[in-house]
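Geometric and topological summary
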Amino acid sequence: MRLPKPVARAVLTAAVAVTAAGSLLLAPHNATADRRPPVREGAAPAHGAAKAPAAATRTALTAPVTDLAADGRGYPREQVLGADPENPADKSLKLGLVPYHAIAPKLNALQRLGDRVSVEVAGRSAGGHRLYLVTVTAPESARRAREQERMRELIEHDPGAAAKDRAVRTAYKTPVFFNSNIHGDEWEGTDAALRLIERLATTRDAGTEDLLAHSRLYFDITANPDGRIAGTRENASGFDLNRDFVTASQPEVRAMRQIEIDKQPAVMLDLHGYVNGTLIEPTTPPHGENYEYDLFLKNTYANALGMEAAVNGLGLTPDKDGVEPAQIPFRDQQEGWDDWPPVFTPQYAAFHGTVAAHTVEIPLTVNGSAYDTLPAAELRRRSAVNVDVAGAAMRATLDFVRTHRSSLIADQIEVFRRGSAGAAQVPVSAKTVPGVPGIGPEDVYTTVFPRAYVVPAGRSQRSATAAARLVDHLIADDVRVTRATGDFRLAGRTYPKGSYVVDLHQPKRGLANALLADGRDISDKVSTMYDISGWSLGRLWGATVERVPGGSLAGVPRTAVRSAAPVGHVAAHGDLRLRLDTPQEVAALNSLLRDGVAVRRSADGSALVPSAARARAVSLAGAYDVAFEATKGADGTPLHAARVAAAVTPGELFALREMNFDVVPVSTAVLDAGFDWSAVDVLFVSSGLDHTALTPSARTALDAFLRTHGLVGRGAVGAALNTDAGLLAVRPVEGDGDANGVVRVVNSGGPVTAGAPDHSFVYAPVWFTAAGPGVRVEQSYAPGDPLVSGHWRPSADGTGGPAAAAGRASVVSGPRVVLFGTEPLFRDHPKGEFSQVGRALLTVS
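Worth saying up front: this structure is predicted, and the values here are computed from it rather than measured. (Residues numbered from 1 in each chain as written. Predicted model: local features only at pLDDT ≥ 70, side-chain atom pairs only at ≥ 80, totals over all residues. Heavy atoms only, no water.)

**Regarding the packing of aromatic side chains**
- Applying the stated criterion to the full structure yields 21 aromatic pairs.
- Where phenylalanine 239 meets phenylalanine 654, the ring centres are 5.2 Å apart and the plane angle is 75°; that geometry is what we call edge-to-face. Highlighted residues: phenylalanine 239 in the loop between α9 (225–230) and α10 (251–263) and phenylalanine 654 in helix α22 (residues 650–658), separated in sequence by 415 residues.
- For phenylalanine 654, a relative accessible area of 1% translates into the label buried.
- Put simply, the rings of Tyr291, Tyr293, Phe296 and Phe351 pair up and form one aromatic cluster.
- Positioned above the aromatic ring of tyrosine 75 is the side chain of arginine 77, whose terminal nitrogen or guanidinium carbon lies 4.1 Å from the ring centre.
- Over the ring of tyrosine 371 we find lysine 94, and its NZ or CZ is 4.5 Å from the ring centre. (Phe/Tyr/Trp six-rings, centres within 6.5 Å; stacked < 30°, edge-to-face > 60°. Helix = DSSP H or I, 4+ residues; strand = E, 2+ residues; numbered from the N terminus. Buried < 20%, exposed > 50% of the residue type's maximum accessible area, 1.4 Å probe, protein only. Lys NZ or Arg CZ within 6 Å of the ring centre and 35° of its normal.)

**Considering the environment of phenylalanine 654**
- Here the alpha-carbon distance between phenylalanine 654 and aspartate 518, two residues 136 residues apart in the chain, equals 26 Å.
- Ignoring anything within four residues of it in the chain, the contact list for phenylalanine 654 reads Thr57, Ala60, Leu61, Ser237, Phe239, Ser249, Gln250 and Asp828. (Contact = heavy atoms within 4.5 Å.)

**Details of unusual backbone geometry**
- Asparagine 276 connects to glycine 277 through a cis peptide bond whose omega is 0°.
- In this fold, glycine 277 is placed in the loop between β5 (267–273) and β6 (279–280).
- Located in the positive-phi region is alanine 248, a residue other than glycine, with phi close to 55°.
- Position of alanine 248 among the secondary structure elements: in the loop between α9 and α10.

**As for the packing of helix α20 (residues 583–594) against helix α21 (residues 614–624)**
- Viewed as axis vectors pointing N to C, α20 and α21 meet at an angle of 145°, and their least axial separation amounts to 10 Å. The way α20 lies across α21 gives a crossing that is right-handed. On α21, the residues that touch Gln584, Ala587, Ala588, Ser591 and Leu592 of α20 are Arg616, Leu620 and Tyr624.
- Across the contact of α20 with α21, the residue classes break down as five nonpolar, two polar and one charged. (Axes fitted to C-alpha atoms, helices over the stretch in contact; angles between N-to-C directions. Left-handed = near helix turned anticlockwise from the far one by under 90°. Nonpolar A, V, L, I, M, F, W, Y, C, P; charged D, E, K, R; others polar.)

If you want it as structure tokens, here you go:
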């Protein structure tokens, strides 16, 4: 029975206390889970500011997506994988686990065991390592494989017909997806997967034969090989991949996204560590409002019970092994482990038809300080236990799939049917989800889907460039987008030819709405959130997106599109103007500056390019899909290529490089070691640099640089440096440190925020008061309640809330300084805000 939630929390707390009191070698370190509130990227990292190599950014930005759809081949699809160089520094070795360089030989051997195992390369990581997708199934002829693909497409594209198709009911193989090691220092899922694949390849009992005859099992062996090798949570770009599914900035995430799209799993597990006892989703509230949550909860909870029984059935005990009984957050916790944002792998999978999806947190900590301090024998003992636990969860899931294959596929079909038909969601209750105890009003989250969204054509060049990027992103997410072939009228508004229409009567309406809707202010729903609570691409990417609440699309002349129409062009005559409203435009400008083109900056912050550079502009217009407009005015301030010293988060470092800035990562430690300030033009600080902690000589050198060069600061760390160095006369005020979401802002039209969207993103928001002489307010939080969607509460004493920020300055500037209280580069996500930082760096340099 599900405990009352406050009681459940107390029980878990007591269990943690008992574990902590055990011996050092037996009791695991607690509270090192993937998802413990609050967790945020780049918050005062112990190792200092981000320092990912530029090569990782280049790979991440250019790595192609592997098409994993059926290509006419049957199964098995065997190949011989080339060997990787042996790496004695691979962090897996100390734990007695499979190092990355041993995975390819292991997969070659598994393929030789029979005719059930196939290996494909799903892509490459930011660090250049291969991403292996293993398929285990009974052999299929090419004809049979084509028939499977026909049924898979029918389920998504014509769910009504799929529900009546006898072949779907009797012959379709249930797709199951096991994802391992998305956090590089949570290793053991990989080893459990390899062990399970070997068992499936060789076992000939009737149960296994039946399973493989009626299922395809997909294994992403290591979703983060960079982190597996280095022993880091993040990939080579410094990204937490399990926070990237809204943006898909990293190649590993794009590979996982393609697996979800092309394989369409009905069930998936994402194997993590470390929570003791083993944590098995479903989650606490708030639940994502765009899911068909009744179907999701029904199956996810049922499979969780089976996994719980299997894990507890291993016979591991607190006294003997340091392992507590498994826990299910939906049943056992009140809040703090939610599935609200689709940035996590299982939550994103739900939008692609996965009706049972879980994060599974195996129990015994082997990363962090434990890795460095515990004896190797104890680490290996813990890792062996973790492999067993992960294996038990996976095997229980296969048992669940065998038993429930028909209802799983029927529920997947129903997810897509509801979307295609525009059917209402079904709120969860004891009646609608029988068998799941303890459902209460706190678990009910639904939304009212609009009839459509329109991304209008012709509003502005900024909107056109941003719209093209947004449309391409939607299509990459398997959201259906159409383009109007003529002018049309919809819900009382007239739209021009070329506008994009996203009809919400489509199979993956939940994902379309999650990406395009404003979202919701859920500050009053729970006291804490696990991660971000607002993420609207419609508001944050700089494109105009209009919600159409109802009506018919029958009269709209339109055609489906596979990519956005290009918007890049160059005026035929005269000097040229580049607006600098999008990250692509800033990137094009930086390319011109590096080429030595004499670009000038106009009063509104745009770039003026001489007609002599037209040929180069044509090349860049095609490469970045940006427009060089004709201009008569060529007067302005000369611009120069800026080399940026950056003490920033990984997402910010990545975004700076995406905009083509030449970046040198710095930190307190780097400056203390001696830094050549003559090699850089401007400093950007948001993380990992503390003026007061510098050695006297490093502080003197920094202060000398700031007397003659520019500073761009973000958040509390950037504001503190400004104060400590005695630069811009403002007083920063910190809001709630856990607050995050989409906020309304008012732009002043100055050179930093001219043309910026009227929404921004915040995490631990800051605002500025007591402005002294020479301080310009570039942007302010909107009056009233600035929060549109997210979670932002005042502190216990009533301070730090959105009402306190309303009307206050969010971005300020002065001679050689710009300070941001918002997060315009957060995790490489709010694309429409990037150019504010680009403009700021160019202004102060």
